[in-house]
Amino acid sequence: MMATRDSREMLGREDRHKDRPRVVIVGGGFGGLRLAQVLEDEPVQVTLVDRRNFHTFQPLLYQVATAMLDPAAIARSLRAILRRQANVEVRLGTVTGVDWAAKLVLLADGTPIAFDTLVLATGAVTSDYGIEGVAEHAFPLKSPEEALRLRHHVLERFERTLADPARIESGELTFSVVGGGPTGVELAGALVELIDNVVRKDFPGLDVDRAHVVLIEATDHLIDPFHPRSRENARHTLESRGVEVRLGTTVEAVTADAVHLAGGAVVPTRTLIWTAGVRANPLADRLGLDQTQGGRIVVEPDLSVPGHPDVFVIGDLAASRDLDGNLHPQMAPLAQQGADHVAAQLRRRRQGLATDRFDYRNKGVMATIGRNAAVAELPNGLRFRGRLAWVMWLALHLQRLVGYRSRFEVLTSWAWNYLTTDRTARLMVGAADEPSTRR
Ligand SMILES: Cc1cc2nc3c(=O)[nH]c(=O)nc-3n(C[C@H](O)[C@H](O)[C@H](O)COP(=O)(O)OP(=O)(O)OC[C@H]3O[C@@H](n4cnc5c(N)ncnc54)[C@H](O)[C@@H]3O)c2cc1C
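A brief report on the enclosed structure follows. (Residues numbered from 1 in each chain as written. Predicted model: local features only at pLDDT ≥ 70, side-chain atom pairs only at ≥ 80, totals over all residues. Heavy atoms only, no water.)

Considerations on the pattern of salt bridges
Move 1: This structure, assessed with the given rule, holds 26 salt bridges.
Move 2: Note that Glu-239 is salt-bridged to Arg-235, the shortest N-O span being 2.6 Å. Taken together, the residues Glu-239 and Arg-235, both in helix H8 (residues 228-240) and 4 residues apart, mark about one turn of the helix.
Move 3: Its relative accessible area of 22% is what places Arg-235 among the partly exposed residues.
Move 4: Among the charged side chains, a salt-bridge network with shared partners connects Glu-156, Arg-157, Arg-160, Arg-167 and Glu-172. (Salt bridge = Lys/Arg side-chain N within 4 Å of Asp/Glu carboxyl O. Helix = DSSP H or I, 4+ residues; strand = E, 2+ residues; numbered from the N terminus. Buried < 20%, exposed > 50% of the residue type's maximum accessible area, 1.4 Å probe, protein only.)

Shown next as structure tokens:
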């Protein structure tokens, strides 16, 4: 087949890029993808390696788990996002190590990828803090697959109880969420709405009033980074919508049909969702680099790795700190600002300038509690709650989604769900590797 003029031009451009310094980015999440995009006009050849062929917008995973959105609305192919960018090559592969002396990234199948500059952005994974039974029996929420598996599991609980109502006594309709951070609050709020607005209509033969959502939090408040008034508002709103909030409650062990709490209380439950914490991606443990609590890689103030000036770490994986020495919060804006910073440092180095300190700018925090209810706080101290905060939350998340198609899909689903009080995504799919004890 004859090459078109466009493809010949593209090939020519790619060949030219091959002589440029090679920047390898590991991880196409918030940090890695942003970095690949902001390097578009820089004189570098970028290789973006990810074990997945797509980017996930994690803040909306809980909506996939509670039947509001389909996963395709919040995950997009990395190749599709980057295909117009001539200096980027996308590689599918799991990075398992780095040969520092030879400056090679090593993939699980043994393939080496050479770099001049390496940027590690593999994010974080769910942490069970070594609590018995969590790894086997709890549902984590870090990927579209996990969200689908949870959705399947939740919907299946109602199907099974309809077939055998006696199952309610053993916790079949008790949905426990562990972790009172923004994700736990969002999930608990979305679950009660799913039960009240959808399950009640879908299962007229079921005593839905006996379904129960419990939110378990070890400290004495919800949504830690927020002002006490916002925390109290979140708790009050959840309770008024039917969530049982158990503060100051520690989980000691989890089994297939119960959660055991400190002090001896036992809550029968067939569904335990674990949003209580994360730790750095285990790749960090294999690199021989210094790590802090939670496995994050120690970095210099400019985000480079001590002793490896050509290696940077960004996002959830990096133990970056503020001027008081406190670790930065593991949030999407941190990863994106880290990406912008690294791009600027590569430019400074080309100009023969010293690198700058990374200066994270807190742009505020938001959490939605459910329909017409959210809390939002700006860095200048302004606080919002209720419907106004909820509209702000919707607008910000729509704007942050990658690409017009995702925004359109999410907006359409939200509008439909809002106007009909229905949920568009109720297919029971994604249970292939559900823990067998829960079947
Ligand atoms: C349920 C949930 C809700 C959240 N809600 C919010 C929110 O509302 N607001 C907010 O600011 N933050 C939120 N966060 C946190 C936010 O998603 C993270 O801080 C952000 O994703 C970190 O970006 P990152 O680039 O460091 O890592 P990630 O975005 O996690 O990306 C890591 C990438 O690395 C890839 N990868 C991992 N290991 C390897 C490997 N060995 N080889 C190759 N590729 C690899 C992964 O496939 C992934 O694409 C939420 C997180 C979760 C889980």
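Some points on the sheet that holds strand S5 (residues 88-92)
Move 1: Pairing in this open sheet of 6 strands is mixed, and the strands run S5-S2-S1-S9-S21-S20 from one edge to the other. Two strands in the sheet have a free side with no partner beyond their single neighbour: S5 and strand S20 (304-305).
Move 2: Pairing between S20 and strand S21 (residues 308-313): 2 bridges, direction antiparallel. In the sheet register, Val-305 faces S21, and the bridge partner there is His-308.
Move 3: Contacts between helix H2 (residues 30-38) and the sheet are confined to strand S1 (22-26), strand S2 (45-50), S5 and strand S9 (117-120), with S1 contributing the most and set at about 155 degrees to the helix.
Move 4: Together, S1, S9 and S21 form the strand contacts of helix H9 (residues 332-350), whose direction differs from that of S21 by roughly 160 degrees. (Pairing = 2+ DSSP bridges. Contact = heavy atoms within 4.5 Å. Axes fitted to C-alpha atoms, helices over the stretch in contact; angles between N-to-C directions.)

Description of the pairing of strand S7 (residues 104-107)
Move 1: Only one face of S7 is buried: it carries Val-105 and Leu-107, and the other face, with Leu-104 and Leu-106, is open.
Move 2: Summarising the sheet, strand S6 (residues 95-99) and S7 pair through 4 bridges and their orientation is antiparallel. Pairing of Asp-99 across the sheet is with Leu-104, part of S7.
Move 3: Taking the residues between adjacent antiparallel strands as the criterion, S6 and S7 are bridged by 4 residues, where Lys-103 takes a positive phi near 55 degrees.
Move 4: Judged from the 3 bridges that link them, S7 and strand S8 (residues 112-114) form a sheet pairing that is antiparallel. Of the residues in S8, the one forming a bridge with Leu-106 is Pro-112.

What to know about helix H6 (residues 144-163)
Move 1: In this model H6 runs 29 Å from its N-terminal to its C-terminal C-alpha over 20 residues, within 8% of the 28 Å that 1.5 Å per residue would give.
Move 2: A large share of H6 lies buried, amounting to 15 of its 20 residues. (Expected span 1.5 Å × (residues − 1).)

Topic: the packing of helix H10 (residues 386-400) against helix H11 (residues 404-420)
Relative placement of two packed helices is described by the angle separating their axes and the distance separating the axes.
Move 1: Interhelical geometry of H10 versus H11 gives an angle of 150 degrees and a closest axis separation of 9 Å. With respect to H11, the element H10 is oriented roughly antiparallel. Across the interface between the two elements, Arg-387, Trp-390, Trp-393, Leu-394, His-397, Leu-398 and Gln-399 of H10 pack against Arg-407, Val-410, Leu-411, Trp-414 and Tyr-418 of H11.
Move 2: Its residues placed into classes, the contact of H10 with H11 shows 8 nonpolar, 2 polar and 2 charged. (Parallel < 35°, antiparallel > 145°, perpendicular 65-115°, else oblique. Nonpolar A, V, L, I, M, F, W, Y, C, P; charged D, E, K, R; others polar.)

What about the pairing of strand S15 (residues 258-261)?
Move 1: Across 3 bridges, strand S14 (residues 251-254) lies against S15 in antiparallel orientation. Within the sheet, the bridge partner assigned to Val-254 lies in S15 and is Val-259.
Move 2: Between the antiparallel neighbours S14 and S15 lie 3 residues.
Move 3: Pairing of S15 with strand S16 (residues 266-268), which is carried by 3 bridges, proceeds in the antiparallel orientation. Residue pairing in the sheet places Ala-258 in a bridge with Pro-268 of S16.
Move 4: Hairpin connection between S15 and S16: a loop of 4 residues separates the two successive antiparallel strands, and Gly-263 in this loop has a positive phi of roughly 95 degrees.

Considering the nonpolar core
Move 1: Among the nonpolar cores identified, the biggest contains 64 residues, and Leu-60, Ile-74, Phe-158, Leu-238 and Val-410 are the most heavily contacted of them.
Move 2: Taken together, domain 1 (5-51 + 93-126 + 279-350) and domain 2 (134-276 + 364-429) each give at least three residues to this core, which thus spans both.
Move 3: Beyond its immediate sequence surroundings of up to four residues, Leu-60 is in contact with Leu-69, Ile-74, Trp-393, His-397, Leu-401, Val-410 and Trp-414.
Move 4: Counting 49 residues, the second-largest nonpolar core is a separate cluster that includes Leu-82, Val-95, Val-119 and Val-342. (Core = buried A, V, L, I, M, F, W, Y, C linked by side-chain atoms within 4.5 Å. Domains from an automatic or database assignment.)

A short note on the site of the ligand
Move 1: In the vicinity of the ligand, 29 residues are found, and the nearest of them are Gly-31, Asp-50, Gln-58, Val-95 and Asp-316.
Move 2: The backbone of Arg-51 places a nitrogen or oxygen atom 3.2 Å from a nitrogen atom of the ligand.
Move 3: Look at the ligand: alone it shows 1,000 Å² of surface, and the protein chains cover 91% of it.
Move 4: Only H2 and H9 provide two or more residues apiece to the shell around the ligand.
Move 5: Broken down by element, the residue count for the shell around the ligand peaks at 3 residues, all from H9.
Move 6: Residue composition of the shell around the ligand, by class: 10 nonpolar, 14 polar and 5 charged.
Move 7: Each of domain 1 (5-51 + 93-126 + 279-350) and domain 2 (134-276 + 364-429) gives at least three residues to the shell around the ligand. (Near = heavy atom within 4 Å. Polar contact = N/O pair within 3.5 Å; in protein donor to acceptor, adjacent residues only side chain to side chain. Areas by Shrake-Rupley, 256 points an atom, 1.4 Å probe, with all protein chains shown as cover.)

Functional significance is not addressed by these values, which are geometric in nature.
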